[in-house]
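# Coordinate inspection notes
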Amino acid sequence: MKVLFVCGFFNELEETHIVRDSIGNIHYSANLLQQRIIQGFKKNNIHLEIVSAPFVGTYPKEYKKIFFNAISKKEYVSFFNIWAIRNIFEQKSLKKYIRQNINLEEYDYVLIYAPHTPFLKVNKWIKKKKKLKSVLIVPDLPQYMNLNENKSSLYSLLKKVDIHNFEKLNKLVDGYVLLTESMNEIINLEKKKNVVIEAITEKSDITDKKSYDAQTIVYTGRLNKVFGIKELIDTFMKIDDQNVKLILCGSGDLDNYIRIAQKKDERIKYMGQLPKKEVKKFEDEATVLINPRKDNQEYVKYSFPSKNLEYLSTGNKTLCYKLSGIPNDYDQFLYYIDNFNSLKDAIEFLLKDSNKKYTLEDLNDFLETKTEKSQVKKIVALLEKIGSV
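This report concerns the structure included in the present document. (Residues numbered from 1 in each chain as written. Predicted model: local features only at pLDDT ≥ 70, side-chain atom pairs only at ≥ 80, totals over all residues. Heavy atoms only, no water.)

Take the side chain of Glu310 next. Residue position: Glu310 is located in helix α10 (residues 306-312). Judged by its relative accessible area of 9%, Glu310 falls in the buried class. Excluding residues within four positions of it along the chain, Glu310 makes contact with Leu32, Arg36, Ile200 and Lys276. (Helix = DSSP H or I, 4+ residues; strand = E, 2+ residues; numbered from the N terminus. Buried < 20%, exposed > 50% of the residue type's maximum accessible area, 1.4 Å probe, protein only. Contact = heavy atoms within 4.5 Å.)

Structure representation (structure tokens):
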């Protein structure tokens, strides 16, 4: 089996200039999932050929340069990165790369990461050349990809056009890799073959953790109001214990609010957006890892909070709400805020309670089912089912 992977992944070499030239958010979460998919194919001994237009913000508000110039000429494409018209150039660059470097006759499937219109237009173009079966990985539905509160009317208009184009291109896809069952209601109206893999973690055997003198509550990710970050900050400021810290890593529409809160309460530590290795260190040393996103908006049931699995893979206590998109097999390992009188009560309880409600052996067995090899094996099985039709 040979699979062509059309995606937005970037390796460590590309990351150096993406970090340097980005303004604000870097797509670390999406990149990590793609990286683990790539690793999962390797571990299952399946040939996966990467063709990537890396996910970066657009010029001029999110990226400093008008042209994204890939350092690696193998696997990566360069493109004009101008807001509103970038998609056109991404699509052209991907087609050119495939024409010059890929013999489609050698491939069995196309795997596409995310409902990104340029990638789906490339899929349409490939199908005209060779009728390869294609599978779309759907980490988020297109209408919920940008949850920032400050969206312009022009952005909203262009987004409607983009979704309209996506709906037409989506008909050419042969199957789906979804993060929640509920995604089928929106994206898979034709009831095509699909598999649900809510997230992927690395293989790691968790052992007894070293204890740290300082107690820390850690959140890593988008710092947006819609994700419950304002409530988290306001609640933390009501906690009396002066020895506990709240560490926030990331960026979003609450950046300024957090800077002001940090001046009012020295226990709040705003770290900004950090490389994944530095974020992992904060996660590994946390007393409590928290995800305050509530189950109070429509988009929630169509998404899985991948950070919950990232948090669990540290072996530390993970506090969150029971969201619609979280499968029941997570229940014995996650601490749900819903089971307490308030967010404040939940945080204070976990800070004081030195015990865990699960054994490390049970957690390791659970995480084994979510590893790169295990989860990608499900994708491979889906490809084989689609190929046999």
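Together, Trp83, Leu154, Leu157, Leu158 and Val161 line one region of the surface with nonpolar side chains, adding up to about 420 Å² of accessible area. As for its position among the elements, Trp83 is in the loop between β4 (79-80) and α3 (86-101). For Trp83, a relative accessible area of 33% gives the class partly exposed. (Patch = residues over 30% accessible without salt bridge, like charges linked within 9 Å, V, L, I, M, F, W, Y side chains within 5 Å. Areas by Shrake-Rupley, 256 points an atom, 1.4 Å probe, with all protein chains shown as cover. Salt bridge = Lys/Arg side-chain N within 4 Å of Asp/Glu carboxyl O.)

Reading across the sheet, the six strands line up as β2-β1-β5-β6-β7-β8 and stay open at both edges, with parallel pairing between neighbours. The outermost strands of the open sheet, each flanked by one partner alone, are β2 (47-52) and β8 (193-196). When strand polarity is set aside, the average angle formed by the axes of neighbouring strands in this sheet is 20°. Strands in contact with α3 are β1 (2-7) and β2; relative to β2, the strand with the most contacts, it is inclined by about 140°. Where helix α13 (residues 372-387) meets the sheet, its contacts fall on β1, β5 (109-113), β6 (133-138), β7 (175-178) and β8, and the angle it forms with β8 comes to roughly 175°. (Pairing = 2+ DSSP bridges. Axes fitted to C-alpha atoms, helices over the stretch in contact; angles between N-to-C directions.)

Another aspect to go through is the pattern of salt bridges. Where charged atoms of side chains with opposite charge meet at close range, the side chains can pair. Here the structure, examined in full by the defined rule, presents 22 salt bridges. Between Arg86 and Glu90 there is a salt bridge, and its shortest N-O distance comes to 4.0 Å. Of the two residues, Arg86 and Glu90 both sit in helix α3, four residues apart, roughly one turn of that helix. Overall, the relative accessible area of 15% leaves Arg86 in the buried class. Linked through salt bridges whose partners overlap, the residues forming this network are Arg36, Glu202, Lys276 and Glu310.

What the rule picks out here adds up to eleven aromatic pairs. Both rings, one in Phe333 and one in Tyr358, keep their centres 5.6 Å apart while their planes meet at 65°; by these two values the pair is edge-to-face. In this pair, Phe333 is assigned in the loop between β13 (317-320) and β14 (335-336) and Tyr358 in the loop between α11 (343-352) and α12 (360-368), connecting sequence segments 25 residues apart. Accessibility expressed as a relative area gives 7% for Tyr358, which makes it buried. Through a chain of ring-to-ring contacts, the aromatic side chains of Phe304, Tyr330, Phe333, Tyr358 and Phe366 assemble into a single cluster. The side chain of Lys357 reaches across the aromatic face of Tyr335, ending 5.2 Å from its centre. (Phe/Tyr/Trp six-rings, centres within 6.5 Å; stacked < 30°, edge-to-face > 60°. Lys NZ or Arg CZ within 6 Å of the ring centre and 35° of its normal.)

Grouped together as the largest cluster of nonpolar side chains are 125 residues, with contacts concentrated most on Phe41 and Tyr113. If we skip the residues at most four places from it in the chain, Tyr113 touches Phe5, Val6, Cys7, Ala30, Leu33, Gln34, Ile37, Phe55, Phe119, Ile137 and Pro139. (Core = buried A, V, L, I, M, F, W, Y, C linked by side-chain atoms within 4.5 Å.)

Our next topic: the pairing of strand β12 (residues 288-291). Residues of β12 alternate between two faces, with Val288 and Ile290 on one and Leu289 and Asn291 on the opposite face, all of them buried. As paired strands, strand β9 (residues 215-220) and β12 are joined by two bridges and run parallel to one another. The residue of β12 that forms the bridge with Ile217 is Val288. Relative to β13, β12 is paired through four bridges, and the arrangement is parallel. Across the sheet, Asn291 pairs through a bridge with Cys320, a residue of β13. Traced from β12 through α10 to β13, the parallel crossover comes out right-handed. (Right-handed = clockwise from strand over helix to strand, strands pointing away.)

Glancing now at the environment of Tyr299. Mapped onto the elements of the fold, Tyr299 is located in the loop between β12 and α10. What makes Tyr299 buried here is its relative accessible area of 5%. For the pair Tyr299 and Gln143, spaced 156 residues apart in sequence, the C-alpha separation works out to 8.7 Å.

The next thing to look at is unusual backbone geometry. Residues Tyr59 and Pro60 are joined by a peptide bond in cis, for which omega reads 10°. Relative to the helices and strands, Pro60 is located in the loop between β2 and β3 (67-68). Backbone geometry at Glu75 places phi at a positive 85°, although glycine is not the residue there. Its place among the elements puts Glu75 in the loop between β3 and β4. A positive phi angle, near 85°, is found at Ala114, a position not held by glycine. Among the secondary structure elements, Ala114 is positioned in the loop between β5 and α4 (117-129).

On the surface, Lys121, Lys124, Lys128 and Lys168 cluster together to form a positively charged patch. As for its position among the elements, Lys168 is in helix α5 (residues 153-170). (Lys, Arg positive; Asp, Glu negative; His and termini not counted. Charge placed at Lys NZ, Arg CZ, Asp CG, Glu CD.)

The geometry of helix α7 (residues 229-236) relative to helix α8 (residues 255-264) is characterised by a closest axis approach of 11 Å and an angle of 5° between their N-to-C directions. As far as their axial angle goes, α8 and α7 are roughly parallel. When α7 is examined against α8, the residues Ile229, Lys230, Ile233 and Asp234 are found in contact with a partner set consisting of Tyr257, Ile258 and Ala261. When grouped by side-chain class, the residues that make up the contact of α7 with α8 number five nonpolar, no polar and two charged. (Parallel < 35°, antiparallel > 145°, perpendicular 65-115°, else oblique. Nonpolar A, V, L, I, M, F, W, Y, C, P; charged D, E, K, R; others polar.)

Nothing here speaks to function; it is geometry throughout.
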